[in-house]
2 protein chains.
Amino acid sequence: MDFYSFIKKDKSCKARRGVIHTAHGDIQAPFFMPVGTKATVKTLSQEDLREMGSEIELSNTYHLFLRPGLDIIGKAGGLHKFMSWERAILTDSGGYQVFSLTDWRKLSDEGVEFQSHLDGLKHFLTPERVMDIQAVFGSDMVMPLDECSPYPCEREPAAEAVRRTTMWARRTKEHFLKTGMDKKGQRLFSIVQGSSYRDLREQSARELIALDTDGYAIGGVSVGEPVKEMFEVLSWVVDMLPQDKPRYFMGIGMPDQIVKAVGMGIDMFDTVIPTRYGRYGTCFTDRGTVVIRNGQFKEDFGPLDPECDCVACKNYSRAYIRHLFNAGEVLGLRLAAYHNVRYYVKLMRRIREAIEQDGYDDFQKAFFLKYGSEFTTS
Amino acid sequence: MDFYSFIKKDKSCKARRGVIHTAHGDIQAPFFMPVGTKATVKTLSQEDLREMGSEIELSNTYHLFLRPGLDIIGKAGGLHKFMSWERAILTDSGGYQVFSLTDWRKLSDEGVEFQSHLDGLKHFLTPERVMDIQAVFGSDMVMPLDECSPYPCEREPAAEAVRRTTMWARRTKEHFLKTGMDKKGQRLFSIVQGSSYRDLREQSARELIALDTDGYAIGGVSVGEPVKEMFEVLSWVVDMLPQDKPRYFMGIGMPDQIVKAVGMGIDMFDTVIPTRYGRYGTCFTDRGTVVIRNGQFKEDFGPLDPECDCVACKNYSRAYIRHLFNAGEVLGLRLAAYHNVRYYVKLMRRIREAIEQDGYDDFQKAFFLKYGSEFTTS
């Protein structure tokens, strides 16, 4: 069976409906991947994720490579067994964390040497090593080592990052095939770089498309650039990408950003926003965010989000959840994170339904209006 | 209907089987009350407590009085509604916390003035005020303001504490009846004090029995005294207490202490041990504790407790839970606390079944042996 089945394009815009097939079940696209950095989506359990209908989770190679380490995950029989998650898993390459979390790193064409942010020990990651790690994880979707340009970035280092990213992607695919990862049902993505330079972005996309990977990610976005610029980058690249492969907009975003990116043809999303915002007491609704610590909710015995049917909204009040946050109680973080992740998962289902009915353009217009978004669908 | 229905005494020892009837459901006794100090059992949800079969939870008047405050709980319609827990609730009087948590307090026969440990503001609690607070809470079982002696305690202040505790209990009952709390289905306990002085303990019990409250608690235990002494105090008092009323051994204890106290005729328990130990990674099993952070569990892919069928034990491994603790992830605390509270709740069910079969003496002997307890049933 193909990895990605394209079902249909919405007649009113570029939004796509598809399905990804993995050894750990199908994932209806477009979809959101809750982020379980250290093999756990912060404050939530795997039962919670199943209950809210998530068909996939994402974990971070960098963090798991350092702790608990490859040895333990290997002995557990892979990441699915280690964390008791029998549905699909995508793991990133660790490249982004090496560039954003470490104090010291040394980059060469061979790979990247870095000091662990945990204990200062030095490690060396190469494109091949990153594949070997994800082979042990047994991730359904694997990402190659890439060089993520910071923002802003001069043209010369951005071009150099594209060159290295393509070269590494080639070595990655060769190693991926040579070691038989494809035969074990794993699927390889590649990552378009090029900072905010249109020709570099297009060059990166062309080179990776020629390499024919199973899916395509747009990386080096949401790294500090204005939102408008981020969507400009997306607009340059997204139409170049093959119709018959999934498209992943990495690390995006706020609910209205996801809605917008789907309308431009994106299938896959991941972001820590729902869990991170939840831990600080900010909850998502169609009418924008609810900052639950605010005094206005002191005696508000209504639900967090009146339009939501999750356990946090059905069973608890704003006043109670506010009290939990004020008292420093874990259940507060848990309920807020539960609602937020569930909000994202359910938003994707609503998005898919709108596309099925060729009503996505209306859906996003109505969404932006109610959410108070800066976007329009012009 | 009576508050407490005595079902039977075990033929092999003094263990009792009974049922408590409340406006929020029956509670099969002997039972354990998970402690939700601030209207939440730390890291767990009310759904978790229902799922594990707890028929009651305990909350702390002192903490809830200070935050969120009486006003908000009153406007919510009481504590059950505020925290979304439709089963039974027992609230303590706040007395113990006033004596253990505050830096400054002034005790008189009228009541106790204290400074909040949160903001230093002064408050005044009297026996009557403590009832009024718990009337607003709507707790199914309410505790009177008492004076809890520290350990060790000279005879004179211990005698004074007994005098004041009895006087306050009388004023409490009068106010409880006058304000019609009994008519709203609330039930009043009294608390036996007297430190480690047998005659004072007996005097306290006699005076409170004459007052005829709905249930009897033994307080001023587990305050730093040796375990042997704690059970000596229990042995002096427990047989004096009426057969047709529930008996509550306050703030006790480790699993083997609960098993022992049931064998001496106790019906009710509360302790933060399962949640507190859980948060530090210590898990209870019939074979004693498992300290999950220990290196020996690094590659142990078996369950936390092989004899347990809770979600933490069925779905996750020791190696994974250890990883969560090492990585500082909330799910670790949550799984350990879930297992521990469920272990206590299930232990009480096993205790009740043993009593029903007149096999409690054998049960506790076998339990102490397997647990490696210091106790014997001599």
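Thresholds applied
- Going along each chain's sequence as written, the residues are numbered from 1 onward.
- Labels are handed out in written order, letters beginning with A for the chains and numbers beginning with 1 for the ligands.
- Local features in this predicted model are restricted to residues whose pLDDT is 70 or higher, and side-chain atom pairs enter the listing and the counts only when it is 80 or higher, whereas totals over whole chains, interfaces and linings include all residues.
- Helix and strand assignments come from DSSP, with helices taken as H or I runs of at least 4 residues and strands as E runs of at least 2, each series counted from the N terminus.
- Only C-alpha atoms enter the radius of gyration; for comparison, a globular chain is expected to reach 2.2 Å times N to the power 0.38, where N is the number of residues.
- Exposed residues have 12 or fewer other C-beta atoms within 10 Å of their own C-beta, buried residues have 20 or more, and partly exposed residues fall in between, where C-beta atoms are placed from the backbone.
- With C-beta atoms placed from the backbone, a contact is any residue pair whose C-beta atoms sit within 7 Å.
- Expected span, for any helix, means 1.5 Å times one less than how many residues it has.
- Note on bend: the value at a residue is the angle between axes fitted to the seven residues ending there and to the seven starting there.
- We superpose the copies by least squares over the C-alpha atoms of residues that have a pLDDT of at least 70 in both of them.
- As used here, the arc belongs to the directions running from the helix axis to the C-beta atoms.
- The pairing criterion for strands is at least two bridges between them, as found by DSSP.
- Only the contacting stretch of a helix is used when fitting its axis, a line to C-alpha atoms as for every element, and angles between N-to-C directions run 0 to 180 degrees.
- By definition, a nonpolar core groups buried Ala, Val, Leu, Ile, Met, Phe, Trp, Tyr and Cys residues that are joined through C-beta atoms within 7 Å.
- As annotated, the domain borders come from an automatic or database domain assignment.
- Each angle gets one of four labels, with under 35 degrees taken as roughly parallel, over 145 as roughly antiparallel, 65 to 115 as roughly perpendicular, and the rest as oblique.
- Put simply, a crossing is left-handed when the front helix is turned counterclockwise from the back one by less than a right angle, and right-handed when it is turned clockwise.
- The nonpolar class holds Ala, Val, Leu, Ile, Met, Phe, Trp, Tyr, Cys and Pro. Asp, Glu, Lys and Arg form the charged class, and all remaining residues, Gly among them, are polar.
- Scored from 0 to 100, pLDDT records how confident the predictor is in each individual residue.

S.K.: Before we move on, can you summarise the overall build of chain A with the specific residues and values?
M.R.: Per the secondary structure count, chain A includes 14 helices and 16 strands. Computed over the C-alpha atoms, the radius of gyration of chain A is 20 Å, within 12% of the 21 Å expected from 2.2 N^0.38 for a compact globule of 378 residues. Referenced to the eigenvectors of the C-alpha coordinate spread, the extents of chain A come out at roughly 60 × 50 × 45 Å. Here chain A, with 378 residues, has 55% of them falling under the buried criterion. Summarising the internal contacts of chain A: among those between residues at least 6 apart in sequence, 67% fall at separations of at least 24.

S.K.: Lay out helix 2 (residues 61-76) of chain A with the relevant residues and their values.
M.R.: All names here are of chain A. Given a rise of 1.5 Å per residue, 16 residues ought to cover 22 Å, yet the end C-alpha atoms of helix 2 are separated by just 16 Å, more than 12% below that figure. Along helix 2, the largest kink reaches about 80° and is centred on P68. Taken from the residues just after helix 2, G77 is the one with a positive phi, measuring 100°.

S.K.: Give me the relation of the copies chain B and chain A: which residues, what numbers.
M.R.: Each copy of the sequence occupies a distinct position, and chain B is placed on chain A by a rotation of 180° and an axial shift of 0.0 Å, giving an RMSD of 0.0 Å. Such a turn and shift between the copies fits a two-fold axis. Taking C-alpha positions as reference, the residue of chain B nearest the rotation axis is V330(B), located at 3.9 Å. When you check the interface residues of chain B against chain A, 100% turn up at the interface there too, and the contact is symmetric in its surfaces.

S.K.: Got a sec to walk through unusual backbone geometry? Specific residues and values, please.
M.R.: Of note, the amide linkage connecting A29(A) to P30(A) takes the cis form, showing an omega dihedral of 5°. A positive phi angle, near 55°, is found at S222(A), a position not held by glycine. Counting through the fold element by element, S222(A) comes out in the loop between strand 12 (215-218) and helix 8 (227-237). The class of S222(A) is partly exposed, set by 18 C-beta atoms lying within 10 Å. Phi at A39(B) takes a positive value of approximately 70°, unusual for a residue other than glycine.

S.K.: Requested: an account of helix 14 (residues 360-371) of chain A, with residues and values cited.
M.R.: Residues and elements named next belong to chain A. Here helix 14 spans 16 Å end to end across 12 residues, near enough to the 16 Å set by a 1.5 Å rise per residue. Residues of helix 14 that are buried: Y360, F363, Q364 and F367. Seen along its axis, helix 14 keeps its buried residues to an arc of 90°; they face one direction. Of the surrounding secondary structure, the elements contacted by the buried residues of helix 14 are helix 9 (255-263) and helix 13 (330-356). At the exit of helix 14 stands G372, carrying a positive phi of roughly 75°.

S.K.: Lay out the sheet that holds strand 1 (residues 4-9) of chain B with the relevant residues and their values.
M.R.: All names here are of chain B. The sheet built from three strands is open, its strands ordered 1-2-3 with antiparallel pairing. Only two strands of the sheet have a single partner each, and these edge strands are strand 1 and strand 3 (25-29). Sheet twist, expressed as the average angle between the axes of neighbouring strands with direction ignored, equals 15°. Here strand 2 (residues 16-22) pairs with strand 3 via five bridges, running antiparallel. Counted as the bridge partner of G18 is A29 from strand 3.

S.K.: Residue-level account of the nonpolar core, with values.
M.R.: One finds F249(A) and F249(B) to be the most contacted residues of the largest nonpolar core, which totals 214 residues. When residues of this core are assigned to domains, at least three map to each of domain 1 (4-271) and domain 2 (274-363) of chain B.

S.K.: Can you lay out the packing of helix 9 of chain A against helix 14 of chain A for me, pointing to particular residues and giving the numbers?
M.R.: Residue and element names in this part refer to chain A. Orientation of helix 9 relative to helix 14, taken along the N-to-C sense of each, is 160°, at an axis distance of 10 Å. The orientation of helix 9 with respect to helix 14, classified from their angle, is roughly antiparallel. Crossing hand, helix 9 versus helix 14: left-handed. Here P255, D256, V259, K260 and G263 of helix 9 come into contact with helix 14, specifically with Y360, Q364, F367, F368 and Y371. Among the residues forming the contact of helix 9 with helix 14, the class breakdown is six nonpolar, two polar and two charged.

S.K.: Explain the confidence of the model for chain A to me, using residue names and the numbers behind them.
M.R.: Summary statistics for chain A give a mean pLDDT of 97 and a share of 99% for residues scoring 70 or more. Listed scores for the predicted complex are pTM 0.97 and ipTM 0.97.

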